[in-house]
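# Summary of the model geometry
Chain by chain, the residues:
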Amino acid sequence: MGAGDRDPRGGADPVRGERSVCPGSHPGRSRLPDDPVPGPPGPWPCPPAQVEDSVLTIGKFHNMVKLVAFSPFRSAQSALENMNAVSEGVLHEDLRLLLDTALPPKRKKVVLGVGDAKMGAAVQEELGVQCQTGGVVAELMRGIRLHFPALVRGLTAQSAAKAQLGLGHSYSRAKVKFNVHRVDNMIIQSISLLDQLDKDINTFSMRVREWYGYHFPELIKIVPDNSMYCRVAKFVGNRRELSEESLEGLEEIVMDSAKAQAILEASRSSMGMDISPLDLINIESFSRRVISLSEYRRGLQEYLRSKMSQVAPSLSALIGEVVGARLISHAGSLTNLAKYPASTVQILGAEKALFRALKTRGNTPKYGLIFHSTFIGRAAAKNKGRISRYLANKCTIASRIDCFSEVPTSVFGDKLREQVEERLAFYETGEPPRKNLEVMKEAVVEANEVVAEVKRKQEKKEKKKKKREKRRLEALAAAAEEAKEENSVMETEENDVGAKKKKKKKKQQVEESEPEAEPEAEPEENGLEEEEEEEQPLPKKKRKLTVEPEQEEEEEEKKKKKKKKKKAVAQDLEED
């Protein structure tokens, strides 16, 4: 949004992140110099052309607009909340406080200029102030945005641009953030791709039929299904090579022994032309592609079924996954579908027929996309319009339950389906159906039980996750302790070895320093001293020998504990 763009969101200025109030006005409402006292509601004093000329130059604009009150946002979160409120047409508490303090006490004669009609209606309803939108108001707000750094001291255009960019990013992120499992965009894309695949597979299968029909034209009448025809064409290849040995393979593909026998007999008396091996290779490769596309379509349909059970379980239980997905896709989102009335849902998808009927003054269509449901096909011709109206009503209820419920459940969809079945029986046999109040009471009781069960399961999962995390952290802590102990043992061993080496060096130095020639008595004394020296370390060795088995037992116990922890962690990983 540039500085000169018009802002459709009323008084709060999301571009700047601040609000400005002019005398006797809403933020953005400007009072002209020749309008000293707020007058009664009426046209603005200056024509739009004069205001447009005055907006471009700051000098003229200063003569028109004066800043009376200004309230900056406290934080980025507060700015985002105010922006969301303005975009939804809700009067935020900050804006209410600013207007209460800035507006004069006699508000009956005050006219507020508001950029958005919805926001103006909210202000008028909450505060009882006359509001005006469009025309001169838009030009004045454009001028305020353009010259806002000059109106507010300490605000530069660069800082305003940064605030605009940051708030825009946070606003976009807040709008995009949804529950991953409740996103309906994937349903819209998958149903669109499913429809496209149906068209493409049909076109490609017809091409295979025409191509292989030159060689084996009788096969088209025996195998009418497109995907099955491609499988048979790929399996048979050259019809002259088909024999009794191939019957088992044909029966597996066709799933009918009579059809397989008919294919074999037709291949023997076929009127088709001969075909070269190169042509057969191309036909087989193309048939393989068509078969892979049809298999992918089956997988995509299963994916769509699972997504619909997560996003709109009640709607899918009522009308089916494919029809429900088409309704969501045509509406644009599940939220839009929930906002539609039942009359719109009834003819959703038949807009061309509706407008043609309105133009020619003919009969309007009775149903749109919901015609593909089984209920309308089962109803009699005179009851098709009545059952389509009733079904559209129930579809609207189911879509609103799916859109606004916290825990998705199919209980309401099943109950609504039972109601449609009872209404069909009422049209055919006259048996009166149950009242809606009774059915909904039963559905609420069952839904509460299902929700409680789901929450209980979620709590169990969370507890298991916490236990696994705790065990993992304990295992990591034990491994770290072991590594520390090993390092300390290595250091002590290195210190012992270093001390022994130092002792040996000292002994060698002492022996070298002693004189070589000594009296005879001295060797005996020296021998006694050596014996004493040799006898002294013996108690230390004994201590070591006594300490070593105790250390070994402790190490064995620690190893056993480690193995147990590792086994527990492995079991948790296997359970995950």
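The notes below deal with the structure included here. If you're wondering where the values come from, they're calculated on a predicted model, not measured in any experiment.

This next bit is on the pattern of salt bridges. Opposite charge on two side chains permits pairing when their charged atoms draw close. For the structure shown, the criterion picks out 20 salt bridges. Where arginine 326 meets aspartate 195, a salt bridge forms, and the shortest distance between an N and an O atom there is 2.6 Å. Of this pair, arginine 326 sits in helix H16 (residues 321-331) while aspartate 195 is found in helix H9 (residues 185-213), placing the two residues 131 residues apart along the sequence. On the basis of relative accessible area, arginine 326 is assigned to the partly exposed category, the value being 25%. The shortest N-O distance in the salt bridge between aspartate 274 and arginine 240 comes to 2.9 Å. With aspartate 274 in the loop between helix H13 (257-268) and helix H14 (277-311) and arginine 240 in the loop between helix H11 (226-236) and helix H12 (247-254), the pair connects residues that are 34 residues apart, well separated along the chain. On the basis of relative accessible area, arginine 240 is assigned to the exposed category, the value being 56%. What emerges from the salt-bridge pattern is a single network uniting Lys415, Glu418, Glu422, Arg434, Glu442 and Glu446.

On to the nonpolar core. Generally speaking, a soluble globular protein has its nonpolar side chains buried in company with each other. Membership of the largest hydrophobic core comes to 46 residues, with the highest contact counts inside it found for Leu315, Leu318, Ile319, Ile328, Leu337 and Leu391. For this core, the element with the highest residue contribution is helix H21 (residues 384-404), accounting for 7 residues. Two domains each provide a minimum of three residues to this core, namely domain 2 (185-300) and domain 3 (312-456). In this structure, isoleucine 319 is in contact with Gly324, Leu327, Ile370, Ser373, Leu391, Cys395 and Arg417, ignoring residues within four places of it in sequence. Counting residues in hydrophobic clusters, the runner-up holds 26 residues, among them Met228, Ile253, Ile263 and Val290.

A few words now on the packing of aromatic side chains. A full pass over the atoms with the stated rule returns 6 aromatic pairs. Ring geometry for tryptophan 211 versus phenylalanine 286: centroids 6.4 Å apart, planes at 50 degrees, classification tilted. A residue pair is termed long-range when its members are at least 10 positions apart, and tryptophan 211 in helix H9 and phenylalanine 286 in helix H14 qualify at 75 residues. For phenylalanine 286, a relative accessible area of 22% puts it in the partly exposed group.

What counts as what
- Residues numbered from 1 in each chain as written.
- Predicted model: local features only at pLDDT ≥ 70, side-chain atom pairs only at ≥ 80, totals over all residues.
- Heavy atoms only, no water.
- Salt bridge = Lys/Arg side-chain N within 4 Å of Asp/Glu carboxyl O.
- Helix = DSSP H or I, 4+ residues; strand = E, 2+ residues; numbered from the N terminus.
- Buried < 20%, exposed > 50% of the residue type's maximum accessible area, 1.4 Å probe, protein only.
- Core = buried A, V, L, I, M, F, W, Y, C linked by side-chain atoms within 4.5 Å.
- Domains from an automatic or database assignment.
- Contact = heavy atoms within 4.5 Å.
- Phe/Tyr/Trp six-rings, centres within 6.5 Å; stacked < 30°, edge-to-face > 60°.

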